Amino acid sequence: MKKNIILLFITAMISCKEDDATPTAPINDSFDPTTATLLKSGSLAGIGHTVSGTASLYEGTAKKIILLDPFNSQNGPDLKVYLSKDINASSYISLGALKSTMGKQSYEVPGNPDVTDYNYVMIWCEQFTVVFGRAEIK
Amino acid sequence: MKCILMVRIKSLIFISLFLPILVSAQKSLPTKSFDLGVGGASNQGTLSAAYIYDWSLGKKEKIIVGIGGRVTSYIGANQYYSTAPAKLTSGSTGPAVFFKENIIANIDTFLIAKPRVVAMNAMINLGYKVTQKISVGFNIDAIGFSVGYKTRGNYINGSQGQNVEAKPTVFNLLLVSDNDLGSLNSEFYGKYKLNETISLKAAFQFIFTEYTTEIPVQQFPEPNDRFRNKSSMFSAAVSFQLN
């Protein structure tokens, strides 16, 4: 406990918080969907927020890709892209931070897992545990 | 590990039982007081109520030793909890964990949007009367239990994650460093006596809250379901002397 108290005191003195807002400049990733096989696809819908577009899961050479194209989202802090087994994200794979609130963007699924049971793509505000939008892909 | 745990539990029980007897050798009767406090920091806060028996020791009765009970209600928003067991964070469970560096690879994160914990603990108070009106000291929860609603949290382990239910760890026990169990409050404080009945207290508060997930979400290096948040905040309290 004493070690923790000292660490806490130091942390309290030097820590600060940043708002990790997502970039808003439109992007156009180079991923070419004609070079991969479409496995699943679905429309993105906002959940209490404005999100629209199409999410697609592709299988490429030894890797799987989630493509958001077209894509548009309301901005927010710490937005992440999740590939989830259900609508509650009870079990999910994080594809990383949302690259931009607008434009074509691709995300490699880390580890090239079996994605049979992963049927949802979610735009998830991780810091505040809020779902911005999701697509059921099938 | 169980042996060490039992020895520590016995030590705390021994201290709790015999402290009043030891200090009763002093001439003065214990001072009874009731403290009501509030603490706050970014996205979190506490309300606390404590009933404390303090004995004044020494020739000039400047040293304060006390025991009591404290209820602390912790409320937070979007708080990160980390792997709790010392066996994972430090690689061992003995007193030596105090001196060991954390093993970062073993520490995972559990993010809780709305942590709410009510901890009810026996506490120990140590203080020193600087003047007739001013005293300083330290108090810490020792043993007790916690209650709180189930809530969902986000277990984050690299690219893998799970949103699962969790509830406050029921049993609280002060041990050494990350060997601690459950939710424990502590304060470094200064106290100013306004009159014979009322004192004002300002404190720097450290509170650990702990959640247990419904399933052991962490699997490496071994299954784990306990996650701890360590918070520091400033607090203020009014202390009512009851005798």
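Please read these numbers as outputs of a predicted model, since none were measured by experiment. (Residues numbered from 1 in each chain as written. Chains lettered and ligands numbered in written order. Predicted model: local features only at pLDDT ≥ 70, side-chain atom pairs only at ≥ 80, totals over all residues. Heavy atoms only, no water.)

Residue Pro70 of chain A is bonded to the preceding Asp69 of chain A through a cis peptide linkage, with omega at -5 degrees. Mapping Pro70 of chain A onto the fold places it in strand β4 (residues 64–73). A cis geometry characterises the amide bond from Phe220 of chain B onward to Pro221 of chain B, with omega recorded as 0 degrees. Tracing the backbone shows Pro221 of chain B in the loop between β12 (198–213) and β13 (226–241). One non-glycine residue with positive phi stands out, namely Asn112 of chain A, at about 50 degrees. You can see Asn112 of chain A is positioned in the loop between β7 (103–109) and β8 (120–125). A residue is classified by how much of its surface remains accessible, and Asn112 of chain A, at 30% relative accessible area, is partly exposed. (Helix = DSSP H or I, 4+ residues; strand = E, 2+ residues; numbered from the N terminus. Buried < 20%, exposed > 50% of the residue type's maximum accessible area, 1.4 Å probe, protein only.)

A separate point is the side chain of Lys80 of chain A. All names here are of chain A. On the secondary structure map, Lys80 appears in strand β5 (residues 79–84). In this structure Lys80 comes out as buried when scored by relative accessible area, which is 15%. Polar side-chain contacts of Lys80 include one of 2.9 Å to the side chain of Glu126. Those residues in contact with Lys80 that sit more than four places away from it in its chain are Gly96, Ala97, Leu98, Met122, Ile123, Trp124 and Glu126. (Polar contact = N/O pair within 3.5 Å; in protein donor to acceptor, adjacent residues only side chain to side chain. Contact = heavy atoms within 4.5 Å.)

Here we take up the pattern of salt bridges. Residues and elements named next belong to chain B. In this structure the tally under the stated criterion is 15 salt bridges over all chains. For Arg70, the salt bridge is made with Asp141, and the minimal N-O distance between the two is 2.9 Å. Of this pair, Arg70 sits in strand β3 (residues 63–76) while Asp141 sits in strand β7 (residues 134–147); the two residues are 71 residues apart in sequence, bridging distant segments of the chain. The two residues Arg70 and Asp141 agree in class, both being buried. A salt bridge links Glu187 to Arg70; the nearest nitrogen and oxygen atoms lie 3.6 Å apart. Taken together, the residues span a long stretch of sequence, with Glu187 in strand β11 (residues 184–193) and Arg70 in strand β3 at a distance of 117 residues. Assigned by exposure class, Glu187 and Arg70 land together as buried. Ionic contacts of the salt-bridge type, sharing partners, join the residues Asp35, Arg70, Asp141, Glu187 and Lys201 into one network. (Salt bridge = Lys/Arg side-chain N within 4 Å of Asp/Glu carboxyl O.)

With that settled, consider the packing of aromatic side chains. Residues and elements named next belong to chain B. Tallying each qualifying case throughout the model produces 12 aromatic pairs over all chains. By the ring-pair criterion, three or more aromatic residues cluster together here, those being Phe138, Phe188, Phe204, Phe206 and Phe234. A cation over a ring is seen here: Lys201 above Tyr189, with NZ or CZ 4.9 Å from the ring centre. (Phe/Tyr/Trp six-rings, centres within 6.5 Å; stacked < 30°, edge-to-face > 60°. Lys NZ or Arg CZ within 6 Å of the ring centre and 35° of its normal.)

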